[in-house]
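For reference, the chains in residue letters:
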Amino acid sequence: MRFTIAVDGPAAAGKGTIGRALAERFGFAHLDTGLLYRAVGAKGGDPVAAARGLTPEDLCRSDLRSLAAGDAASRVAALPEVRAALVAFQRDFARRAGGAVLDGRDIGTVICPDAEVKLFVTASPEARARRRWLETGGDESQVLAEVCARDARDMNRADAPLKPADDAQLLDTTDLSIDAAIDRAAKLVAARLPR
Ligand code: DC
């Protein structure tokens, strides 16, 4: 069976957690596409060459989850040639047999416009900054400023900007526990699975 679940949304909205949980619940493969851009940003040098030469080892670096890596990722992700270099890998992953969940910013709009399920996961900037701050520590207002700056860059770039697909289902996690958000997402998926 080929079945693609696209999970898009801004930083720290819960996409990764929801994407992983959906993959586990339905037995699908999961790809955190943000990791591709984080790995490109972390490699340094020419980002286009880094994207074209990305290896599985590049995705295993231990420093990819930091705020700095997220910021670098958002910068290289604005370059159309970097995005183009990563399209084929993501599309192949999405159509693998057995089903796939991809989380990112442009999965439902650009990478997999025909995905069987499209979720747009969001939350208020304050709720997202608090979650990130609980993971990273530091100055909470600084984390909020960085989350807002990254949102603005991701939403305002010319190529594949962050926005819900016209046919995406919105999931606002501001006031939801992780379990409640996963439950809601799983119900939306279950309703679309072939019987
Ligand atoms: O989901 P994340 O925080 O790991 O993503 C890091 C950055 O990568 C994000 O700010 C924008 C970019 N990104 C993107 O442009 N498209 C994707 N599909 C995933 C991430």
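Residues numbered from 1 in each chain as written. Predicted model: local features only at pLDDT ≥ 70, side-chain atom pairs only at ≥ 80, totals over all residues. Heavy atoms only, no water.

Novice: Which parts of the structure should I look at to understand the sheet that holds strand E5 (residues 169-172)?
Specialist: Neighbouring strands of a sheet are bound in pairs by backbone hydrogen bonds; such pairs are parallel or else antiparallel. An order of E2-E3-E1-E4-E5 is seen for the five strands of this open sheet, with the pairing classed as parallel. The open sheet is flanked by strand E2 (29-32) and E5, the only strands paired with a single partner. Across the sheet, the mean angle separating the axes of adjacent strands is 20° when strand polarity is ignored. With five bridges joining them, strand E1 (residues 4-8) and strand E3 (residues 100-104) adopt parallel strand pairing. Considered in E3, the bridge of Thr4 is made with Ala100. Lying on the sheet, helix H9 (residues 178-190) is in contact with E1, strand E4 (117-122) and E5; it crosses E5 at an angle near 170°. (Pairing = 2+ DSSP bridges. Helix = DSSP H or I, 4+ residues; strand = E, 2+ residues; numbered from the N terminus. Axes fitted to C-alpha atoms, helices over the stretch in contact; angles between N-to-C directions. Contact = heavy atoms within 4.5 Å.)

Novice: How should the site of the ligand be read in this particular structure?
Specialist: Taken together, the neighbourhood of the ligand is formed by 15 residues, with Arg38, Arg83, Arg150, Asp154 and Arg157 sitting nearest. Between the ligand and Arg105 there is a distance of 2.8 Å, counted from an oxygen atom to a side-chain nitrogen or oxygen. Note that an oxygen atom of the ligand is positioned 2.8 Å from one of the side-chain N or O atoms of Arg157. In the complex, 97% of the free accessible area of the ligand, which totals 440 Å², lies under the protein chains. Those elements that provide at least two residues to the shell around the ligand are helix H2 (34-43), helix H4 (67-76) and helix H8 (140-156). A total of three residues in the shell around the ligand trace back to one element, the largest contributor, which is H2. (Near = heavy atom within 4 Å. Polar contact = N/O pair within 3.5 Å; in protein donor to acceptor, adjacent residues only side chain to side chain. Areas by Shrake-Rupley, 256 points an atom, 1.4 Å probe, with all protein chains shown as cover.)

Novice: For this particular structure, what's the right way to read the packing of helix H7 (residues 125-136) against H8?
Specialist: Packed helix pairs are specified by the crossing angle of their axes together with the interaxial distance, meaning the distance between the axes. Across the interface, H7 lies against H8 with an axial gap of 9 Å and an inter-helix angle of 120°. By the criterion of interaxial angle, the relationship of H7 to H8 is oblique. Seen along the crossing, H7 lies across H8 with a hand that is right-handed. Residues Pro125, Glu126, Arg128, Ala129, Arg130, Arg132, Trp133 and Thr136 of H7 form the contact with H8, whose participating residues are Glu140, Val143, Leu144, Val147, Cys148, Arg150 and Asp151. Here the contact of H7 with H8 is built from residues that sort into seven nonpolar, one polar and seven charged. (Parallel < 35°, antiparallel > 145°, perpendicular 65-115°, else oblique. Left-handed = near helix turned anticlockwise from the far one by under 90°. Nonpolar A, V, L, I, M, F, W, Y, C, P; charged D, E, K, R; others polar.)

Novice: Would you mind showing me how to read the pairing of E5 here?
Specialist: For a regular strand, side-chain orientation follows a simple rule: the groups alternate between the two sheet faces. Covered by surrounding structure in E5 are Gln169 and Leu171 only, the residues Leu170 and Asp172 on the alternate face being uncovered. Where E4 and E5 come together, four bridges link them in parallel fashion. Each residue of the ladder has a partner; that of Thr122, found in E5, is Asp172. (Buried < 20%, exposed > 50% of the residue type's maximum accessible area, 1.4 Å probe, protein only.)

Novice: I keep staring at H9 and nothing clicks. Help me out?
Specialist: Residue pairs three or four apart in sequence face the same way in an α-helix, which turns once every 3.6 residues. End to end, H9 covers 18 Å across 13 residues, agreeing with the expected 18 Å (1.5 Å per residue, within 8%). For H9, the elements touching its buried residues are E1, helix H1 (15-26), E4 and E5. (Expected span 1.5 Å × (residues − 1).)

Novice: Is there a simple way to think about the nonpolar core in this case?
Specialist: Note that soluble globular proteins tend to have their nonpolar side chains buried in a common cluster. Membership of the largest hydrophobic core comes to 20 residues, with the highest contact counts inside it found for Ile5, Val7, Ile18, Leu22, Val101, Leu119 and Val121. Looking at this core, the elements with two or more residues in it are E1, H1, E4 and H9. Ranked by residues supplied to this core, first place goes to H9 with five residues. The residues touching Val101, leaving out its near neighbours within four places in the chain, are Ile5, Val7, Gly19, Leu22, Ala23, Phe28, Ala29, His30, Leu31 and Phe93. (Core = buried A, V, L, I, M, F, W, Y, C linked by side-chain atoms within 4.5 Å.)

Novice: Please explain H7 as it appears in this structure.
Specialist: Its twelve residues give H7 an end-to-end C-alpha distance of 16 Å, which sits within 8% of 16 Å, the value for a rise of 1.5 Å per residue. Turning to H7, its buried residues are Ala127, Arg128, Ala129 and Arg132. Following H7 by one or two positions, Gly137 adopts a phi angle in the positive range, close to 70°.

Novice: I'm lost on the packing of H2 against helix H5 (residues 80-94) in this one. Help?
Specialist: Following both chains from N to C, one finds H2 and H5 inclined at 140°, their axes separated by 11 Å at the closest point. If you check the angle between H2 and H5, you find them oblique. Judged by the sense of rotation from one axis to the other, the crossing of H2 with H5 is right-handed. Between H2 and H5, the contacting residues are Leu36, Tyr37 and Val40 on the first element and Val82, Arg83, Leu86, Phe89 and Gln90 on the second. Partitioning the contact of H2 with H5 into residue classes produces six nonpolar, one polar and one charged.

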